[in-house]
Amino acid sequence: MKRIIFLVAMMLSATAMFAQRQETLLESGWRFTREDGEFSATAFDDSEWDQVSVPHDWAIYGPFDSNNDAQVVAITQNFERMASLKTGRTGGLPYVGTGWYRLNFDVPSFGEGRHAELLFDGAMSQAKVYVNGQFVGEWPYGYNSFHFDITPYVHPDGKDNSLAVRLENLPESSRWYPGAGLYRNVHLIVTDDAHVPVWGIQVICSDISKKSSRVNLKVTLTGGKKIKTEILDPSGKKVASSRKAKVKGDVVEQKMKVRRPMLWSPESPSLYKAVTSVWDGGEKVDEYTTTFGIRSIEIIPDKGFFLNGEMRKIRGVCNHHDLGPLGSAVNEAALRHQLTLLKEMGCDAIRTSHNMPAPELVRLCDEMGFMMMVEPFDEWDIQKCRNGYHLFFDEWAEKDMVNMLHQFRNDPSVIFWSIGNEVPSQCDASGYNTAKFLVDIVHREDPTRFTTCGMDQVICVLKNGLANLLDVPGFNYRVHLYQQAYDTLSHKIVLGSETASTISSRGVYHFPVEKTARARHEDLQCSSYDLEYCSWSNLPDIDFAMAEDKDWEIGQFVWTGFDYLGEPTPYNIMPNHSSNFGIIDLASIPKDRYWLYRSVWRPEVETLHILPHWTWPGREGEVTPVFVYTNYPMAELFVNDVSQGVRKKDRSDEQGRYRLMWNEVLYEPGEIKVVAYDSEGNAVAEESVHTAGEPDHLELKADRSVLEADGKDLSYIEVSIVDKDGNLCPSDGRLVTFSTTGEGGFYRASANGDPTCLDLFHLPQMHLFSGKLTAIVQSSEKGGTVTLSANAEGVKGGSITISAN
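Quantities reported herein were computed from a predicted structural model and do not represent experimental measurements.

### Points about the overall build of the chain
Right, on to step 1. Along the chain, the regular secondary structure elements total 10 helices and 47 strands.
Right, on to step 2. Against the globule reference of 28 Å for 805 residues, the chain gives a C-alpha radius of gyration of 28 Å, in line with a compact fold.
Right, on to step 3. Across its three principal directions, the C-alpha atoms of the chain cover 95 × 60 × 60 Å.
Right, on to step 4. Each of the 805 residues in the chain was classed as buried or not, and the buried ones make up 61%.
Right, on to step 5. Considering only intrachain contacts with a sequence separation of at least 6, the fraction spanning at least 24 residues in the chain is 69%.
Right, on to step 6. As displayed, the chain has an accessible area near 31200 Å², and 49% of this comes from carbon and sulfur atoms.
Right, on to step 7. For the chain, the separation between the mean place of its 79 positive charges and that of its 110 negative charges on side chains is 9 Å.

Structure below.
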């Protein structure tokens, strides 16, 4: 009798497990070709195609070539009136063309009463999806997530299915490097016929205080008779639950209260989980977990932006989606590395310019504490690029907006929904009508967050009402018009939706030092004295002062946090193929500007940074200005122990307010030292830079020495060439070669941050730039250790060992 009961219990348990939701990442086993043809048939032989894993960016492997993206265009938003040849605008990489992916896959636990869905986090671009030779659906926009019900197309037993995806990127379809291929994750989701569909739950928190918060759920269902939800706090403890509610219609609302909530903020990113179960005849047939945060956001005219009742200035950056030498293929470890560097700088917000983000980025912003402006479009219905999104806007804009809003409407990091960036129709009636169309979609689907837009035609949008249409008017640059906007708008607040666009090349300094918007240099670089910008932009100091002086200016998103592939302003011609705007370069190495932002955005933390380097053979006796970025109010500079005087921050001087500058220093080899003083004149910190001797050896330093053995984790290893005393040799650009030993990982890529360098990222070699580069090691699934060795002609090599557990 006991055996029979035990067997029955096992059968019931197996039935319950069978009925539960299963989600699988479709990562390995893919075949890929750049050819085009009729490749969707189940019986097609793809054995000669390349074997790849997804996420995959086919274009990042190069080669670089000016013919890959040569365009004769006028960049009107940069005030260009005449077309001219541009190369490198999309990184000089071969993203244009067609690619096919094929995969054989099984659908687990499939059968009568089961449902299968494919979810693509993004596919670049114009995706056409086939299952078992049958056309399932298409989605043109490469940045958006989309999903298809594949239940009718899957074999009845779930076995031996074929998936084929055709992608195509048209020429002149982007203003920056978009990547190519299945560059984001693909998910297979299997559920009971009665289930919560993809993005089917909306969590709305209201009446938020430190004492309590209401938590309301709107649950969309396909079948089922009852649902129940439990809310778990960040420790996993149940803090609220709903009774089992009868299902009436497609949407069920559940109302709960959480007492003494842990409020989400950048400083304390507390996350809750709503676990919703679907029941049918006493059996649980689905369980859906929604991560959310409890926090309040408010805009008060004249007073600014308030998070959880406290006023704060947004200290944000704009980022494009590529990951430097890894291209556009999403990697969570790479995103975490970027966010860690930005967090250390004092950044607390990200603008996803100018497209929907990878869900991994949004999840990390939830977890690490970054507010977000999620932005869908760079174009509406009027073109910036010949083959840009305007080709699809009329038919697809609402679908794209709804997918974006439903996917990220529960993420506490998301504060703003931007509806676009610098669209050409800002100044006419059609632009207002389109903006209203998009704003109405946002307010219909998610009325809990603010709408905004990156607008650069400030006078136009003040006159035609477009700026007033938005919950928060966002202005790109034009700081000199902020006051006029404030005086004109009923909001009585202004957001810097895109700011600065200062340009610099890490470790490069040009003489004489001058503030200029029209710098062009023979070496095709930009000076790291941080005084060069574009005709349409400005230096950081102006934005700092505006935020400090005006409560109604609620903060900024700097262009950009990281350098990115494409838009090689101001040169716009190869070999330049990546941007100069970044606070951090393409190799993830901070530029001098990083410390300027840190000194302002993290005033409570010590920052004391000297520039330039002090190795200038041939400049003896010449004027070589020295700048210091610090959170302290004053400092004294010494050259070989001789004082050059004390400098104090001066609110009356545009640059002197945030920088300490000694503009008349004469170069002599040796040491420059700065001593920082507090407001009472006490010496509190010092820093020095030495003239480097002859290059002696390579020095390797890893950001992480222990990785997860998941085949995806990354260690960023900074390689520097130094003299015998460890001083950086700042002008060295010799070639470094790499090799690895051990089963714990492998060489993945490298970069040096030089916007003119055409070394291929994936090859195990890279030239130094300003004495540095970054090599990336990726973990294997085997575990163990991996040792990266770096060698260069004429100096001693170096090595470092990374563990993967």
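That was the structure; now back to the text.
### Regarding a positive patch on the surface
Right, on to step 1. Taken together, the side chains of K226, K244, K246 and K248 present a region of like positive charge at the surface.
Right, on to step 2. Position of K226 relative to the elements: it lies in strand β15 (residues 226-232).

### Topic: the pairing of strand β11 (residues 161-169)
Right, on to step 1. A large share of β11 lies buried, amounting to 8 of its 9 residues.
Right, on to step 2. As judged from the 4 bridges shared by strand β8 (residues 127-131) and β11, these two strands associate in the antiparallel manner. Counted as the bridge partner of V131 is L163 from β11.

### Things to note about the sheet that holds strand β28 (residues 450-455)
Right, on to step 1. If you walk around this closed barrel you meet the 8 strands as β24-β25-β26-β27-β28-β29-β30-β31, and the pairing is parallel. Shown here is a sheet whose adjacent strand axes are inclined to one another by a mean of 25°, direction ignored.
Right, on to step 2. Where strand β25 (residues 349-351) and strand β26 (residues 371-374) come together, 3 bridges link them in parallel fashion. Counterpart to A349 in the pairing with β26 is M371.

### Examining helix α9 (residues 540-549)
Right, on to step 1. Of all 10 residues that make up α9, 7 are buried, and the element is covered over most of its length.
Right, on to step 2. P540, D541, D543, F544, A545, M546 and A547 are the residues of α9 that are buried.
Right, on to step 3. Residues of α9 that are buried sit in contact with α8 (482-488), β30 (494-500), β31 (553-559) and α10 (592-601).

### Some details on a nonpolar patch on the surface
Right, on to step 1. On the surface, a cluster of nonpolar side chains totalling about 260 Å² of accessible area is made up of V72, L85 and I573.
Right, on to step 2. On the secondary structure map, L85 appears in strand β5 (residues 84-86).
Right, on to step 3. Taking the relative accessible area as the measure of exposure, L85 reaches 48% and is therefore partly exposed.

### Regarding the confidence of the model for the chain
Right, on to step 1. Residues at a pLDDT of 70 or more form 97% of the chain, whose mean pLDDT is 95.
Right, on to step 2. Low pLDDT, under 50, characterises residues 1-18; the predicted model gives this stretch 4 contacts beyond four residues in sequence or across chains.

### Quick look at the pattern of salt bridges
Right, on to step 1. Summed over all chains, the structure comprises 44 salt bridges.
Right, on to step 2. For R312, the salt bridge is made with D348, and the minimal N-O distance between the two is 3.0 Å. Taken as a pair, R312 in the loop between β23 (310-311) and β24 (314-318) and D348 in the loop between α2 (332-345) and β25 lie far apart in primary sequence, 36 residues in all.
Right, on to step 3. The class for R312 is buried, based on a relative accessible area of 16%.
Right, on to step 4. Judged by relative accessible area, D348 falls into the buried class, the value being 5%.
Right, on to step 5. For R351, the salt bridge goes to E375, with nearest N and O atoms at 2.9 Å. Taken together, the residues R351 in strand β25 and E375 in the loop between β26 and α4 (393-408) connect sequence positions 24 residues apart.

### Topic: the state of the cysteines
Covalently bonding the sulfur atom of one cysteine to the sulfur atom of another cysteine gives a disulfide.
Right, on to step 1. Counted under the stated rule, the structure contains 1 disulfide.
Right, on to step 2. Residue C427 pairs covalently with C460 via a disulfide, S to S 2.1 Å. Here the disulfide of C427 and C460 is right-handed, its torsion about the S-S bond being about 100°. In this pair, C427 is assigned in the loop between β27 (414-421) and α5 (429-445) and C460 in helix α6 (residues 458-464), connecting sequence segments 33 residues apart.

### Here we look at the side chain of H491
Right, on to step 1. Topologically, H491 is positioned in the loop between α8 and β30.
Right, on to step 2. Judged by relative accessible area, which is 11%, H491 ranks as buried.
Right, on to step 3. The residues touching H491, leaving out its near neighbours within four places in the chain, are P301, D302, A467, N468, L470, D471, V472 and P473.

### Some points on the sheet that holds strand β38 (residues 683-690)
Neighbouring strands of a sheet are bound in pairs by backbone hydrogen bonds; such pairs are parallel or else antiparallel.
Right, on to step 1. Ordered in space as β35-β34-β37-β38, the 4 strands form an open sheet in which the pairing is antiparallel. Of all the strands in the sheet, just β35 (642-648) and β38 have a single pairing partner and so form its edges. Strand after strand, the sheet turns through a mean of 20° between neighbouring axes, direction not considered.
Right, on to step 2. Relative to β38, strand β37 (residues 671-677) runs antiparallel, the two being bridged by 7 bridges. When the bridges of β38 are listed, K673 appears paired with S688.

Criteria and cut-off values
Starting from 1, residues in each chain are numbered consecutively following that chain's sequence as written. Selection of residues for local features in this predicted model requires a pLDDT of at least 70, selection of side-chain atom pairs for listing and counting requires 80 or more, and totals for whole chains, interfaces and linings are taken over all residues. Excluded from the side-chain calculation are hydrogens and water; included are all heavy atoms of the structure. Counting from the N terminus, the helices are the DSSP runs of H or I reaching at least four residues and the strands are the DSSP runs of E reaching at least two. Throughout, the radius of gyration refers to the C-alpha atoms, and the reference size of a globule is 2.2 Å times the residue count to the power 0.38. For each residue, the accessible area found with a 1.4 Å probe, counting protein chains only, is set against the maximum for its type, and the residue is called buried under 20%, exposed over 50%, and partly exposed in between. Contacts are assigned to residue pairs with any non-hydrogen atoms lying within 4.5 Å of each other. Areas reported here follow the Shrake-Rupley algorithm with a probe of radius 1.4 Å; residue values treat only the protein chains shown as occluding. Neither His nor the chain ends contribute to the count of charged residues, in which Lys and Arg are positive and Asp and Glu negative. Here the site of a charge means NZ on Lys, CZ on Arg, CG on Asp, or CD on Glu. Patch membership requires more than 30% relative accessible area and the absence of a salt bridge. Residues of like charge join within 9 Å; the nonpolar side chains Val, Leu, Ile, Met, Phe, Trp and Tyr join within 5 Å. Salt bridge criterion: a side-chain nitrogen from Lys or Arg within 4 Å of a carboxyl oxygen from Asp or Glu. Pairing between strands is defined by DSSP: at least two bridges between the two strands are required. Between N-to-C directions, angles span 0 to 180 degrees; the directions come from axes that are lines fitted to C-alpha atoms, helices contributing only their stretch in contact. Residue-level confidence of the predictor is summarised by pLDDT, bounded by 0 at the bottom and 100 at the top. Throughout, disulfides are identified as pairs of cysteine sulfur atoms within 2.5 Å of each other.

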